[in-house]
Amino acid sequence: MTSQIPLTRDPAHVRHGSNIGQPLTRREGVLKVTGAARYAADNHLPRMLHAVMAVSSIARGRVTSLDITSAKRHPGVVEVMTPQNRPPLADDPDAKTNPFMFRMDVLQNDKVRYANQPIAVVIAETLEAATEGAALLAPCYETEAVRVGLDAAESFVPAAVGVGHPAMVQHGDVESALASAAHRIDATYETQAQYHNAMEPHAIVAAWDGDGDSLSIDTPSQGLAMAQGRIAGLLGISPDKIHIRSPFLGGGFGSKGLMSGPQILGILAARLVGRPVKLVLRREHMYGPVGHRPPSRQRLRIGTAGDGQLAAIDHHAKVTTSTFDDFYEPAANASHSLYASPAIAISHEAVRIDTGTPLFMRAPGEAPGSIALESAIDEMAEACRLDPLAFRLKNYADVEPVSGKPFSSKALRECYVQGAERFGWSKRPLSPRRMRDDDGFLVGWGMGTATFPALMFAAEARAVLKADGSGVMETGAHDMGQGAWTALAQIAGDSLGLDLNRVTFKAGTSDLPDAGIAGGSAHTATAGSAIHHAGAAVIAKLAELATSDQRSPLFGAGNAGVVARDGCLHRRDDESRSESYADILKRAGRAEIEARGNGVPDPAAQANYAMRAHGAVFAEVKVDPDLGQIRVTRMVGAFAAGRIINPRMVQSQLLGGMIWGISFALHEQAIIDHRSGRILNGNLADYHVPVNADVPHMETLTIDEYDPHVNALGIKGVGEIGITGSAGAVANAVWHASGIRPRRFPIRIEDLVNSASN
Ligand code: MOS
């Protein structure tokens with residue numbers, strides 16, 4: 001893989017310093033590649049025991065017996081935790097008071113609601129003894145008929161999809177617009193269940209301290225303050241008695257956003273035995289209690305006028321959820337903001353099946369939604385006999401069609417133009433099956449539009465300036481491997497007017513200010529804004545000290561009359577008049593000064609603008625005309641995502657997303673046995689994800705974009721947008737190579753076996 005790493009150049013973006021925009025490598029990179037980085041499961045406490053979950057091999061029914069005697073007789077086994085002896089909880093784990101709570105199975109009864117549900121926990125002196133003890137439990141079950149798949153039960157319209165989005169949206173009169181359209185398509189697409197499969201499984205080391213009212217935890221978390229609150233509620237202790245360390249995450253992708261049942265079981269096991277306990281999920285345990293992306297069936301009806309101008313988009317999505325909780329993949333929402341159609345209808349329906357509850361998984365909604373939408377848009381372009389790029393250039397929205405709000409900034413046209421140029425799109429024949437390589441493989445080129453909301457949650461940061469001229473920035477931010485801490489430290493440096501080596505950046509523990517959640521591609525925008533404002537606030541205090549002191553060369557300049565750079569305040573009107581932070585603090589007799597800042601969305605800007613990142617992805621595939629085998633051979637993605645804090649991290653996030661797009665189009669699916677409800681490929685040998693051999697030459701371009709409304713720094717997210725558009729681009733390239741429109745994902749060889757014959 002080779003890629004360009006363009007730097008953000010606009011000097012207007014640079015406030016105090018020049019850390020932002022630099023392609024720095026990960027600050028913790030050396031620790032990781034040398035094995036010195038300590039992940040949750042690497043912790044080993046004195047007197048610590050190992051816990052292993054026994055999970056159900058049925059998907060619906062109840063546990064009628066467990067051979068606890070045999071398990072306990074096994075050498076090294078200390079205790080077996082079951083619903084009979086599990087320590088009590090202060091809150092019902094099946095209660096839900098807000099959408100950011102995951103109902104969980106923590107041995108509250110003998111019921112089985114999905115395959116791989118925890119049914120007991122064996123606690124032993126060694127991992128081996130706990131594993132063998134769990135195998136000796138030999139559970140017996142009373143089984144009931146399972147409900148699996150999109151047609152397993154009566155469907156209903158959910159009260160909300162995603163987190164608080166309406167399940168149905170009507171804009172204009174879709175039916176009459178479709179009826180009078182000159183060109184129409186009507187296509188149904190299916191996507192399969194996918195599992196997060198972070199490289200690091202969920203793990204916890206839990207230790208109750210003192211008299212058992214405070215708790216010390218090592219566990220990976222994308223949302224420390226929320227995790228702390230959830231544990232506090234369930235265990236009935238005060239949040240400030242819970243100390244969580246989450247310095248490194250081996251991926252999260254949404255599955256570590258909310259506290260899961262197995263993590264709570266680790267805490268309960270430690271309480272039961274009165275010793276520290278480590279509980280680490282085995283790979284197959286991750287296919288059930290920690291979330292997944294549900295399957296979908298999506299119908300797209302689109303109509304245009306004779307010239308190809310969009311007249312109507314109707315996007316309907318059916319998804320599954322569990323029998324006991326309410327997460328609904330907002331797949332059809334992909335259609336409400338991208339294309340300028342005068343009539344748009346979005347609707348969702350859901351069925352409850354015997355599965356673990358689905359959860360946000362990288363680009364929830366947009367990932368499965370955009371593969372259907374972009375496939376349908378491509379087919380619509382074909383029906384209009386228009387080039388797919390020309391069709392999109394004609395129809396992309398400048399104003400968000402459903403809300404009527406203008407975009408806070410928008411460089412989608414530039415993404416289309418620059419991406420197409422880089423890819424060489426102008427040489428693409430309009431009709432399919434026109435290109436072959438020297439080996440006789442069919443070659444196809446396809447594209448997709450990428451979009452993801454530019455979200456912000458709420459975060460706080462604390463900034464400190466010390467009399468030695470150094471700075472500290474604190475916020476409980478999470479680094480899942482995406483490089484968040486490096487980007488946030490760069491913002492910290494600039495906000496304090498200090499070079500990075502003068503700044504101590506503290507993150508990853510629950511005793512720091514709440515950094516919000518590392519999710520929704522909003523972490524850099526949210527925690528970064530908090531850092532920016534905390535830095536500005538402490539600099540304002542420093543400026544106050546200097547400009548109000550007659551002994552300072554800055555006396556009388558006023559707060560707005562000084563600028564912070566390189567550890568000094570300078571007069572704006574005469575930069576030669578300056579004073580170092582150290583001198584200012586020393587003269588004032590202050591060892592340090594501190595200030596806090598918040599990162600929250602601006603309600604006025606939110607009310608007036610639609611905020612989204614955009615992009616365009618171009619893919620080349622080769623299809624074996626005899627075997628139907630598909631290879632992606634080239635991809636170019638052009639993205640406009642506001643200000644780029646660290647081009648290297650951004651490129652890596654975008655490439656990772658695009659690779660996930662390949663995976664969505666060609667590889668990933670959980671295969672569920674319809675008789676038992678069990679997942680047949682719940683492991684990384686049988687559940688396919690792309691490996692190096694599947695990933696071709698890829699390039700990313702970032703388009704310069706300054707958004708004055710989204711937040712003070714103009715940051716949009718880059719974590720999820722790379723998937724969107726990419727899967728559709730691959731699917732459309734497969735059509736262009738083979739002449740066959742993929743209707744189910746992942747695309748299978750048997751879907752293309754006819755490609756030789758026509
Ligand atoms: Mo993500 S699915 O917002 O962690």
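Below, the structure is looked at part by part.

Rules and cut-offs
- Per-chain numbering applies: the sequence of each chain, read as written, is numbered from 1 onward.
- Given that this is a predicted model, residues contribute local features only at a pLDDT of at least 70 and side-chain atom pairs are listed and counted only at 80 or more, while totals for whole chains, interfaces and linings are drawn from all residues.
- The basis for the side-chain values is all heavy atoms of the structure; hydrogens and waters are excluded.
- For the purposes of this entry, the term helix denotes a DSSP run of H or I that reaches at least four residues, the term strand denotes a run of E that reaches at least two, and both are numbered from the N terminus.
- The globule rule is 2.2 Å times the number of residues to the power 0.38, and the radius of gyration it is compared with is taken over C-alpha atoms.
- Burial here depends on accessible area, computed with a 1.4 Å probe over protein chains only, as a share of the maximum for the residue type. Under 20% is buried, over 50% is exposed, and the range in between is partly exposed.
- The contact criterion used is simple: two residues touch if any of their non-hydrogen atoms lie within 4.5 Å.
- Both site types are read off a 1 Å grid over the protein atoms alone. A 1.4 Å probe that fits but cannot get out defines a cavity, while an open set with protein on both sides within 12 Å along at least five of seven lines defines a pocket; lining residues have an atom within 4 Å of a point.
- Grid points are joined across faces, edges and corners, and a volume is the space filled by probe spheres set on the points.
- Side-chain classes follow a simple rule in which Ala, Val, Leu, Ile, Met, Phe, Trp, Tyr, Cys and Pro form the nonpolar group, Asp, Glu, Lys and Arg form the charged group, and the remainder, Gly included, forms the polar group.
- For Phe, Tyr and Trp, rings pair up if their centres lie within 6.5 Å, where Trp contributes its six-membered ring, and each pair is then called stacked (planes under 30 degrees apart), edge-to-face (over 60) or tilted (otherwise).
- As a reminder, the over-ring test applies to NZ of lysine and CZ of arginine, requiring each to be within 6 Å of the ring centre and within 35 degrees of the ring normal.
- Basic side-chain nitrogens of Lys or Arg form a salt bridge, by our definition, when they fall within 4 Å of a carboxyl oxygen of Asp or Glu.
- If DSSP finds at least two bridges between two strands, the strands pair.
- Only the contacting stretch of a helix is used when fitting its axis, a line to C-alpha atoms as for every element, and angles between N-to-C directions run 0 to 180 degrees.
- Counting of polar contacts relies on pairs of N or O atoms within 3.5 Å, with two restrictions inside protein: one atom must be capable of donating a hydrogen and the other of accepting it, and residues adjacent in sequence are counted only when both atoms are side-chain atoms.
- The span you would expect from a helix comes to 1.5 Å times its residue count less one.
- If you view a crossover with the strands going away from you and the path from the first strand over the helix to the second runs clockwise, you call it right-handed.
- Convention used here: angles under 35 degrees read as roughly parallel, angles over 145 as roughly antiparallel, angles from 65 to 115 as roughly perpendicular, and any remaining angle as oblique.
- Note on convention: the crossing is left-handed when the near helix lies turned anticlockwise from the far helix by less than a right angle, right-handed when the turn is clockwise.
- Among buried residues, the Ala, Val, Leu, Ile, Met, Phe, Trp, Tyr and Cys ones that are joined through side-chain atoms within 4.5 Å form a nonpolar core.

Quick notes on the overall build of the protein
On a plain count of helices and strands, the protein comes out with 15 helices and 28 strands. A compact globule built from 758 residues should have a C-alpha radius of gyration of about 27 Å, and the protein, at 27 Å, falls within 12% of that. Classification of the 758 residues of the protein by burial places 61% in the buried group. The contacts in the protein between residues at least 6 apart in sequence include a share of 80% that link residues at least 24 apart.

Remarks on empty space enclosed by the protein
The final tally for this structure, using the stated rule, is three cavities of 30 Å³ or more. Considering the residues around the largest cavity, the lining is formed by 13 residues, among which Phe-102, Arg-103, Asp-105, Tyr-114 and Pro-289 are closest to the centre. Grouping the constituent residues of the lining of the largest cavity by class yields seven nonpolar, four polar and two charged.

So, the packing of aromatic side chains
Applying the stated criterion to the full structure yields 14 aromatic pairs. An angle of 85° between the planes, with centres 5.0 Å apart, marks the rings of Phe-253 and Trp-660 as edge-to-face. On the criterion of sequence distance, the pair formed by Phe-253 in the loop between strand S11 (242-245) and helix H6 (261-273) and Trp-660 in helix H14 (residues 647-666) is long-range, its members being 407 residues apart. Seen in terms of ring centroids, Tyr-287 and Tyr-687 are 5.8 Å apart; in terms of plane orientation they differ by 70°. Their pairing is edge-to-face. Residue Tyr-287 is found in the loop between strand S12 (277-280) and strand S13 (296-304), and its partner Tyr-687 is found in the loop between H14 and strand S27 (697-702); the two are separated by 400 residues along the sequence. Neither residue differs from the other here; Tyr-287 and Tyr-687 are each classed as buried. If you follow Arg-271 out to its NZ or CZ, it ends over the ring of Trp-208, 3.8 Å from the centre. Across from the ring centre of Trp-735, 3.8 Å away, lies the NZ or CZ of Arg-741, which sits over that ring.

Details of unusual backbone geometry
When glycine is set aside, most residues are seen to have a negative phi, and most peptide bonds are trans. That bond from Phe-745 to Pro-746 is cis: its omega, 0°, falls within 30 degrees of zero. Summarising the element assignment, Pro-746 is placed in the segment after strand S28 (744-745). Phi angles above zero are rare outside glycine, and Arg-47 is one such case at about 65°. Within the secondary structure, Arg-47 is located in the loop between helix H1 (29-33) and strand S1 (49-55). You can call Arg-47 exposed: its relative accessible area is 54%.

Quick word on the pattern of salt bridges
For side chains bearing opposite charge, pairing can occur when the charged atoms are close. If you walk through the whole model with that rule in mind, you get 49 salt bridges. One salt bridge in this structure joins Arg-741 and Asp-378, with 3.3 Å as the shortest N-O distance. Within this pair, whereas Arg-741 is found in the loop between helix H15 (726-738) and S28, its partner Asp-378 is found in helix H7 (residues 366-383), the two being separated by 363 residues in sequence. Each member of the pair, Arg-741 together with Asp-378, is buried. Here Glu-750 ties to Arg-744 by a salt bridge, and the two come within 3.7 Å at their closest N and O atoms.

Section: the sheet that holds strand S2 (residues 61-65)
In space, the three strands of this open sheet follow the order S4-S2-S6, with antiparallel pairing throughout. A strand with exactly one partner marks an edge of an open sheet, and here the two such strands are strand S4 (111-112) and strand S6 (140-143). Pairing geometry for S2 and S6, over four bridges, is antiparallel. In the strand pairing of S6, Arg-62 is matched with Glu-142.

Concerning the sheet that holds strand S20 (residues 503-506)
What the four strands build is an open sheet, ordered S20-S19-S18-S24; its pairing is mixed. Two strands in the sheet have a free side with no partner beyond their single neighbour: S20 and strand S24 (592-599). In this sheet, adjacent strand axes meet at a mean angle of 15° when their direction is disregarded. Contacting strand S18 (459-466), strand S19 (471-474), S20 and S24, helix H11 (residues 523-547) crosses the sheet at an angle of about 145° to S24.

Some words on the side chain of Ser-726
Position of Ser-726 among the secondary structure elements: in helix H15. At 2.6 Å, the side chain of Ser-726 forms a polar contact with the backbone oxygen of Gly-722. Setting aside chain neighbours within four positions, we find Ser-726 in contact with Val-617, Met-635, Met-658 and Gly-661.

Considering H6
Spanning 13 residues, H6 covers 18 Å between terminal C-alpha atoms, matching the ideal 18 Å at 1.5 Å per step. Across the 13 residues that make up H6, a large majority, 11, are buried. For H6, every residue scored as buried is listed here: Gly-261, Pro-262, Gln-263, Ile-264, Leu-265, Gly-266, Ile-267, Leu-268, Ala-269, Ala-270 and Val-273. Gly-274 sits one or two residues past H6 and shows a positive phi near 70°.

Section: helix H5 (residues 224-235)
For H5, spanning 12 residues, the distance from its first C-alpha to its last is 16 Å, which sits close to the expected 16 Å at 1.5 Å a residue. Of all the positions in H5, only Leu-224, Ala-227, Gln-228, Arg-230, Ile-231, Ala-232, Leu-234 and Leu-235 are classed as buried. Lining the buried residues of H5 we find strand S9 (203-209), strand S10 (214-218), S11 and H6.

Some points on the pairing of S11
Side chains Ile-242 and Ile-244 of S11 all project onto a buried face; the interleaved residues His-243 and Arg-245 project onto a face where none is buried. Handedness of the S10-H5-S11 crossover: right-handed.

As for the packing of H5 against H6
Where H5 meets H6, the closest approach of the two axes is 11 Å, and the angle between their N-to-C directions is 45°. Taken as axis vectors, H5 and H6 run oblique relative to one another. Relative to H6, the crossing made by H5 is right-handed. Contacts from Ile-231, Leu-234 and Leu-235 in H5 reach Ile-264, Ile-267, Leu-268 and Arg-271 in H6.

Some details on the nonpolar core
Among the nonpolar cores identified, the biggest contains 86 residues, and Ile-302, Val-621, Met-635 and Val-730 are the most heavily contacted of them. Apart from residues no more than four positions distant in its own chain, Val-730 is found in contact with Ala-619, Val-621, Val-632, Met-635, Ile-662, Ala-665 and Leu-666. If you look at the next biggest cluster of nonpolar residues, it comprises 46 residues, including Met-456, Ala-477, Ile-491 and Ile-539.

Some details on the environment of Ala-207
As for its position among the elements, Ala-207 is in strand S9. Owing to a relative accessible area of 7%, Ala-207 belongs among the buried residues under this scheme. Along the sequence, Ala-207 and Leu-701 sit 494 residues apart, while their C-alpha atoms lie 47 Å from each other.

A short note on the side chain of His-348
For His-348, the location among the structural elements is in strand S15 (residues 344-353). In terms of polar contacts, His-348 uses its side chain to reach the backbone carbonyl oxygen of Ala-167, at 3.0 Å. Among the polar contacts made by the side chain of His-348, one reaches the main-chain amide nitrogen of Ala-331 at a distance of 3.3 Å. Setting aside chain neighbours within four positions, we find His-348 in contact with Val-157, Pro-158, Val-161, Ala-167, Met-168, His-316, Ala-317, Glu-329, Pro-330, Ala-331, Ala-332 and Asn-333.

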